[in-house]
Each structure stands twice: as structure tokens, then as C-alpha cells.
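# Notes for the structure review
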Amino acid sequence: MVSYKRLTPEEVHFSGAVLLDPDESTDADGKEVDPELPLLPQNPRCSITAALLTIAGLIVVLSAVWMLGTIFWFHNPPSTDPHRLPPPAMAKSSNGTLLQPQSCLKIPEAWRFDCYPERGVVVTEEMCHARNCCFVQQSQAKTSGRNGVPWCFYTPDYPSYELVSVIDTEMGKVGKLLRNKKTYYPKDIDALQLEVLYEEDNRLRVKITDPSEKRYEVPIDVPVVQKRASNPSYTVDFIKEPFGLIVKRTQTGTVLLNTSIAPLFYADQFLQMSTSLPSRFIYGLGEHRSNFLHDVQWNTLTMWARDVPPMELTNLYGVHPFYLSVESDGMAHGFFMLNSNAMDVALQPAPALTWRMIGGILDFYIFLGPDPISVIGQYLDVVGKPAMPIYWALGYHLCRWGYKSSNKTWNVVREMRNYGIPQDVQWNDIDYMDRALDFTYEPMNFSTLPDLVKDLHIHDQHYVMILDPGISSSQPSGSYWPFDEGKKRGVFINDSNGDVLIGKVWPGLTAFPDFSNPDTHEWWYQNLQRFHDKVPFDGVWIDMNEPSNFFDGSLNGCPENELENPPYTPGILGGTLRAKTVCASARQKISSHYNIHSLYGLMESKATESALRKITGKRPFVISRSTFPSQGRYSGHWLGDNRSQWKDLVTSIPGMLTFNILGIPLIGADICGFGGSTTEELCVRWTQLGAFYPFTRNHNSIDEQDQDPTAFSPAARTAMKEAILLRYSLFPHLYTLFHHAHISGHTVATPLLFQFPTDEKTYGIDKQFLWGKSLMVTPVLEAGRDYVVGYFPKGLWYDFHTGDSLVSRGEEIKLQAPMDKINLHLREGSVIPTQRPNTTLWVSSGQPLHLIASLSEDGLAKGDLYWDDGETIDSYETDQYAYIYFTIEKNTMKSEVLRNHEEATYITVETVSFYGVKAEPENVTVNSQEAAFTYRNNQVLTVTDLGLNLSQNFTISWM
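Quick summary incoming for the structure in this document.

Here is what the cut-offs are and how they apply
- Residues numbered from 1 in each chain as written.
- Predicted model: local features only at pLDDT ≥ 70, side-chain atom pairs only at ≥ 80, totals over all residues.
- Heavy atoms only, no water.
- Buried < 20%, exposed > 50% of the residue type's maximum accessible area, 1.4 Å probe, protein only.
- Helix = DSSP H or I, 4+ residues; strand = E, 2+ residues; numbered from the N terminus.
- Pairing = 2+ DSSP bridges.
- Salt bridge = Lys/Arg side-chain N within 4 Å of Asp/Glu carboxyl O.
- Axes fitted to C-alpha atoms, helices over the stretch in contact; angles between N-to-C directions.
- Parallel < 35°, antiparallel > 145°, perpendicular 65-115°, else oblique.
- Contact = heavy atoms within 4.5 Å.
- Nonpolar A, V, L, I, M, F, W, Y, C, P; charged D, E, K, R; others polar.
- Disulfide = S-S within 2.5 Å.
- Polar contact = N/O pair within 3.5 Å; in protein donor to acceptor, adjacent residues only side chain to side chain.

## Points about the pairing of strand E18 (residues 362-367)
The element E18 is largely enclosed, with a buried count of six among its six residues. Burial along E18 is two-sided: Leu 362, Phe 364 and Ile 366 facing one way and Asp 363, Tyr 365 and Phe 367 facing the other are all buried. Two strands pair when backbone bridges link them, and strand E6 (residues 203-209) and E18 are joined in this way by six bridges, in the antiparallel orientation. The partner of Ile 208 across the bridge, within E18, is Leu 362. Examined bridge by bridge, strand E15 (residues 332-337) and E18 share four bridges and lie antiparallel to one another. Note on E18: the bridge partner recorded for Met 337 is Phe 364.

This is the structure we're talking about:
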């Protein structure tokens, strides 16, 4: 890591207004100037008469200048462009070129912070010096045609804020920041209040606000702490001028935050803060298509919710300004910027990171971990832990755009049943609607939709349909209740003139509900209830909620103002805030769309989740395309409109892992791909991987070939069926993992680095993952392969299917992977509950359990099982659940019922397999009674026909 030396003003020879020749910046004699002395040489005192005559002359001259200036002003009104500093009076060399301090060249490339971040601009030396910054043009790209080193960058003493006072408070410290020199963005806020809040021993919050005027703040619930942390694991230091904030980990001294490395900006529509990073290992910062481990080589990630098929280097559907950083010693911390305005997050190889936002305040948290799992839990303590899903949410879902009729949809369901392929949920895309109108169904082709839903319910299956937020505004008056009633109640987003903003989506001209308005939530609930009376759906898929708009802004365009054309626009696809969404200046209940655009999906999810609670009386099932921090409390997410390509199969894993650390564990990608036509091999491999997405759905686009499992050859169909049955057999384990996500903020799909944080080889792995702590998935991700190479962290591993053991030193191992197999391995020391699978989870969840124990070298193992009725709201919070803990030591397994419930009495433990029993036992006892057993040469001991009630403690011993 490059070490950064902070240059002193003496080394820079730089003044805020001009760039000086270093030879002219010091006194000829090299003497220091007394700071108390005047800057200009003093003249002898003059007489009073001379002084009066001089003053009179000055008044005459000033009056003449004022008159001329007024005349000129009337003929030449001032520019409406954002103000910029005038070009400095630059010193020039003998050949006329501009000079700048030699210290500019001393700043290492990796530590050059961009002074001209505007996109699509070729920065010239004159433009750069107009901002009083260093200019060093890079002549050649150094890495494969790519060179992100900024040509224009800040000097080390670039004018920033000064910390003029700081005092202790009950919760931490409060300081005052002052800016004495204007920046190159308009409406600088010259005086700021700094609050440092020691909220928890492992959580620090910092807020920088305008004390003179209330600014927009993100309206999500976060903890309000009244008592200062008693033993914080961090220290906070300040640099007075230029202002800097430094946060260190007390235990190791590692610097987690250092904002002194670049100037702080705080203007009305431009906030910028930079920090060093302790390592290059950065994760999170969704939603983007990328590797799980972000690239810090001049990589800028833009955040502004946008409807666009997933692609690299593009702002996608959701916004999540949170990152996890793994430090060089394996410790970890997190950083959350609580801001919903459009932003760029710029990573550079120092390593360092810069936040650039165009509104709101600086309000951020640092989470001290010290391990990755703890960091995520601490982050979710702030934004909210994910909801416990209804049981059938974890089953197999089937959907496509283009069934074209309810009977064709029904036929697919029947075919799945005929082949014995598990399916819990059937979906419909927008083709079920009448003319794409929300809360309707097409009366001809989908006339049997209510009967289809009734049939699904008879077979313990469920139905989910799509809803888009755009409400048709062009139907005859009185014919479409959702718009007529919505307009009457004033629930739609308005334009800047106060009229309903009209955009265009699938039904044509549309209005957009304002979900920041509580009245809209009631209107939305009533619409859902009215439709549920006709089609008793079980869950809702909310799409197009960035919100998406086929116009840029509205039918009538957008006004030309500072909200539509801010001084700085992040690198948004389309180049403007209104690109394929509504106008930034549109009015909503709590603020302008400029501020809350990226909250639209979250707010719609809250309204939908609340409505479903009232309609169904059960845990709501909502899947949303657009997301924001705290989303997991209300909905799951899918990774959007991917394509039927191997590349999309590969990128689904980092997407899944990223959303797990963002607190949305109910996540998956469209299995077999949405756009384009799949191949049989790709669909088989995708179904095998998709069986281990926390949320597993096969979804297809209109006019593409069928890709449900019944559409393929017998061999492919069988391979897909076996993968889905495997998932269903693991339901007890998966359900328990979601319980831990709900109460503790744990991940369901887990990066290897979370369990092996001191093994740096795991830091970049995103082609394998774990379920929870113990079950490792190594899928085939390339065409034409009957093997896969996987990394096994140091330790003892067992083949899940056979129990064969594998001892790794921390190495890659080649695994056989014929078309009908996905490689699963159990980590030593675990107990996994599985279940005899069936075609729906309602039936499966009543089947006997099979426990699989993978013993450590010392013969130890542990595991657990959470069990409830699968659908009651707040089962854990109201103590309506059973919880069983399994331990193994000294050749004895114990099942301890830590909490009992009626649901556990319906389940029996039928079989237990012990992997890694080093010698064949002479006998096995169950609750002190001898029992039959088998022992295989691969050291697998199996005890069958147990019939043990899950609600009662038991022991199994072998000698």
C-alpha cells in the first residue's frame, strides 16, 4: 500500500487564488514573515487635510464607477450559469506556458483526487487551473487502454473547512466548521455543524449539517440512542485546518476513516468527502453488475435507481451506499452513507474512496465488527433486519412473460405435476392484465384465472402476479377506479406546476402513485383488496418501480431549473436525472423527486407489504425490482432482466452475495435467463445453481422458447427435477438460516471469506458460496464441462451426497461434475437438518427428518433447527416456535429442545448419518436402547428407523 505523506504549505507554495512560481513565493532574504505584521509595507503617516482630500477623491471615483457599472448591467444582465472562480492570475514562464507548484508532481498517481469529475469533459490545463488545481496530463494509458488517473487533481492544502470549535456532549462531540474561500460549485454552505455520536461500542455515527437551514434527510427509521457508548472500540481524532476526521480501531490502530486526504465540499447541490481505505478489499455498494470484490482501479460506481437490463459500469435498479471493508489482518468494518440523492462513489488504488452526492446531508455510520458477520449484523441493527419469509417463498417459482392465456399457464402447472417436479408458486407477467391496466385481468384469454388460482390452492400451491406502479390516465372518465379515485384523493406525483405528472408505461399514458403519501398507502390497499376479491392472489411482484418511464420526464417535458440541471450530474445512464423516469423537479408529499427518487421502490414495497398483511393475515410475500437500505424488512429482490447467457449465470452469484450483505437475503436471478433463448445445457446448470438461490424462480421473456423443466429432454428434465428435490430436502436448514437472518442479520447465501476471514484466497471468490456456515456449493459455470475446480479452505470437508472426506491445506481441487450433479460439501463440525422432499413445501414440511452430522477431527459437531407453522406473522416475536439445538462430542449426539411448540410434535427424526466416524462401532444406543445401524468404508455411520419425536430431547451414542 502506498503511504501518503501530507505535504505542507511550505512544500506546495500555493495560494487559494493563484498558482505561484516557487521562486517568487518566498522572501528574497529567506526570512519568515511575522504573522502579526501587516501584509503590505506601511507608508509614513499623512496629515488630516491630506486624508480628507484623498477620501473625497475616492468617493467621486467610486460614484462614477457605480454609474458606469449600472448602465453596463442593464445592457448585459448577469449570467445564470453556476458561478465559478475566475481563472487565477497564473505566473508564466519565458515561453508563455503556465506554471504550477513542483509539489503537484510529488503526489503519487494513486493518491490524486479528481478536481474535475464531470463526465464527458476533456479537461484542459486552463480549465483545471481555473479551479486552482494541479494539472498533469497522462500521455499514455498504462493498463490495456484504460487510464483513470485524473489529469486535474487537488493540491494537499486545497482550501476546505476549518474546525473552529469542538465541545463534548452527552453523546460525543459537537463542532463548528467554517469555510473561508468559495469553491467552484454554487451555493457553498460556509458554516456547518459537526456531530460525532458514540452510539455503541462498535458503532459510530457522524452527521454534518447546515445549522441555519433544515436540509432534506432520508426518511427511514434508524435507532435514536440516548446513552453514549461506555467502551468504544474506536478513537476519533480531528485535524483543524484543513478539517479532517480520523477514526481508528483501538485494538490495532488501523485507520478506518481519514477524510483529511482531500478537501471536504458542502454546497447546496454538491457534497464531497474522501477517505483512505485500509485495504483494497471492498464489497457492497449496490446495485451494480460486477465481481463481488470491487475493483479499486479508478472505478466509479453511480447510484440512481434506473430501469436497465443488468450491465457493467451502469447504475441499476437499486441504491445501497454501504460498503464492507476487510482489513489486512482479517478484521472488517463497514461504512453506511445515509443519503438517497444521486451520487458517484469513486474508488482509486491508493486505496481510497470518494463520495459525491448532489443533495441531502452527510450522515454516516462506521461499524467496527470486528469480523464480517458482525459488521453486517451491526449495519442491519441500523436499517432493520430482514423479515421472516412465508414458508412457500422458499419453494420453486415458475413464471414467464407470454403465457398469453390462463389456460396455457394452467397447462404448465399440470405438466409439472405430471412429471412430479416440485413447484410451490405460479406467476403471471403483464400479459394477464386487460390492456396492461393494473388491478384487472384480460376477460377473454385469462377468463379462467380465478379458477386457476383456486386449483393452485387446492393443491397447496400459490399464485403471484405482477403490478407496475404506472396507473393509466387515458381511460374514459368513470371507467377505471384506480385512476379516478386516485386523482380525487390526490395520491399521484405532481409536476412542478402542481398538476398530475403524466408519463408513459405499458398501458400508455400513466400517472405515478406518490408512495411517500400515507393516503396513497390506503388507496393502494383498497385497490389490492378489490382485486383480491376477484383473484385471490398470495403475493405481489412489483416491477418498473425505479420508477420507470418511457418518456424522459413527462409528456410535457421538464422545466429548466437547478433540480433538472444540477451543477454536477453523476454518471447516470442517459446523462440526466430525468432519463427514463419522472422529472427530478416533480413534487411528492415529503420532498421533491430529486431527493427521493431512489426511495420509490422501498416506499411502494412498504405500502404493498402493509396491504398484504391486512388482506391475507399472513406473512406478506413481495418481490421488488428497485431497492434501498431497509428493503429486506418489506420485500425480497431479483436481479432483474438478465439474459440466457453463461456470463449471466456467472454474474448471478456475486449479485446474490452482495444483496445478502445488504440485508436482502431473499434474492435470486431469473433461472435459465429472461432475455433470449436458453440452451438445454445452460438451463440444466442454471437450475442446479438456482436451486441454491435463496429465492428460486425460472422466468422467461415473451416470444422466447419455453424453458420450464418440462420443455426439455427426459435426461435434462430429470436432472432439473433432482436439483429441485435436493433444494426441497434442505428446506429445514434453509428455513433455519432465514430465521437467523431475521433475528441476527446473518447471511443466508454466504461468501467464503465470512467464514475464513484470515484466508486471503477467499477474498475474491464469487464462483462458490456457502449456505450459512457449513454447506459449500460449487456449481458448473461453463459450457461443455463435466468437472469444476473449486477452492477448499483449510480443514476437513465431506461430500454432501456420499460422506466421502477431503482434507484441504487451503487449495483448489478438481471435482467431477456430470450433467446430473452439483457439487455440495459439508464443512467439518456441523449438523444439517434435511427432510424427505415432496412436490410442495406444504407436504415436504410434514415429512420425517434426516440429520447429517459432519464430524471434526476431534469428533465434534453442532447445529440447530428453527420450526414454526410457516406463515404466522411475528412467530418468533410472539414465542410461537420451536428451537432445537444439536451437539456431538465423545461419540454422543444430544438433541436439546430449547423451546417447544406444537408444530414440533408433528415432526419425527427418522434417520441420522454421521460423517467421519473413524472406526466401526460395536453398538449404537438411542436413548440408552440398542439400535440397528450401518457403517460404510468411507467412515459413514447411519442409524435408521428412529421415529424420535422432534419435540423431545434424545441422545444417540456409539462405542
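## Describing the pattern of salt bridges
In this structure the tally under the stated criterion is 38 salt bridges. For the salt bridge of Asp 344 with Arg 119, the shortest nitrogen-to-oxygen distance reads 3.7 Å. In this pair, Asp 344 is assigned in strand E16 (residues 343-348) and Arg 119 in the loop between helix H3 (103-106) and helix H4 (125-130), connecting sequence segments 225 residues apart. Note that Lys 408 and Asp 706 form a salt bridge whose closest N and O atoms lie 3.8 Å from each other. On the criterion of sequence distance, the pair formed by Lys 408 in helix H6 (residues 406-418) and Asp 706 in the loop between strand E30 (696-698) and helix H14 (714-729) is long-range, its members being 298 residues apart. Within the structure, one salt-bridge network assembled from shared partners comprises Asp 307, Asp 543, Glu 546, Arg 625 and Asp 641.

## Looking at unusual backbone geometry
Omega for the bond connecting Gly 286 with Glu 287 falls within 30 degrees of zero, at 5°, which places this linkage in the cis form. Cis geometry marks the peptide bond from Ala 350 to Pro 351; its omega dihedral reads 5°. Along the chain, the position of Pro 351 falls in the loop between E16 and strand E17 (352-357). Despite not being glycine, Cys 672 shows a phi value in the positive range, around 75°. Relative to the helices and strands, Cys 672 resides in the loop between strand E29 (670-671) and helix H13 (680-690). For Cys 672, a relative accessible area of 0% gives the class buried. Of note, the phi angle at Asp 945 is positive, near 50°, even though the residue is not glycine. Mapped onto the elements, Asp 945 comes out in the loop between strand E48 (940-943) and strand E49 (948-949).

## Digging into H13
Taking burial as the measure, the 11 residues of H13 include nine buried ones, the bulk of the element. If you check which residues of H13 are buried, you get Leu 682, Cys 683, Val 684, Arg 685, Trp 686, Thr 687, Gln 688, Leu 689 and Gly 690.

## Quick notes on the sheet that holds strand E10 (residues 265-267)
Taking strand neighbours across the sheet as the criterion, the five strands line up as E10-E11-E17-E16-E13 in an open arrangement whose pairing is antiparallel. Strands at the two margins of the open sheet, each flanked by one partner only, are E10 and strand E13 (299-303). Shown here is a sheet whose adjacent strand axes are inclined to one another by a mean of 15°, direction ignored. Taken together, the six bridges between strand E11 (residues 270-276) and E17 define a ladder with antiparallel strand orientation. Counted as the bridge partner of Thr 275 is Leu 353 from E17.

## Some thoughts on the packing of helix H12 (residues 646-661) against H13
At a closest axis distance of 10 Å, the pairing of H12 and H13 adopts a crossing angle of 10°. Accordingly, the angle class assigned to the pair H12 and H13 is roughly parallel. Taken together, the residues of H13 that come into contact with H12 (itself represented by Trp 646, Asp 648, Leu 649, Ser 652 and Ile 653) are Glu 681, Leu 682, Arg 685, Trp 686 and Leu 689. Tallied by class, residues from the contact of H12 with H13 come to six nonpolar, one polar and three charged.

## A short note on the state of the cysteines
Any covalent bond linking the sulfur atoms of two cysteines counts as a disulfide. Throughout the structure, instances matching the rule amount to five disulfides. Sulfur-sulfur distance for the disulfide between Cys 104 and Cys 134 comes to 1.9 Å. One quick way to see it: the torsion about the S-S bond of Cys 104 and Cys 134 is about -70°, and its sign makes the bridge left-handed. Placement of the pair is Cys 104 in helix H3 and Cys 134 in strand E1 (residues 134-135), with a sequence separation of 30 residues. The pair Cys 104 / Cys 134 is uniform in exposure class, with both members buried. The disulfide bridge from Cys 128 ends at Cys 152, spanning 2.2 Å between sulfur atoms. Because the sign of the S-S torsion sets the handedness, a value of about 90° for the bond joining Cys 128 and Cys 152 places this disulfide among the right-handed ones. Of this pair, Cys 128 sits in helix H4 while Cys 152 sits in strand E2 (residues 152-153), placing them 24 residues apart in sequence.

## Regarding the environment of Asp 429
Structurally, Asp 429 is set in the loop between strand E20 (425-428) and helix H7 (449-458). Asp 429 sits in the buried class, given a relative accessible area of 6%. When the C-alpha positions of Asp 429 and Lys 404 are compared, they lie 9.5 Å apart, and in sequence the two are 25 residues distant. Apart from the residues within four sequence positions on either side, Asp 429 is in contact with Cys 399, Arg 400, Trp 401, Ile 466, Trp 541 and His 699.

## Comments concerning the side chain of Glu 118
Structurally, Glu 118 is set in the loop between H3 and H4. Within the structure, the side chain of Glu 118 is placed 3.0 Å from the side chain of Arg 131, a separation counted as a polar contact. Once you skip the residues sitting within four places of it in the chain, Glu 118 turns out to touch Arg 131, Tyr 185, Pro 567 and Tyr 568.

Note that all results are geometric; they support no functional claim without further evidence.
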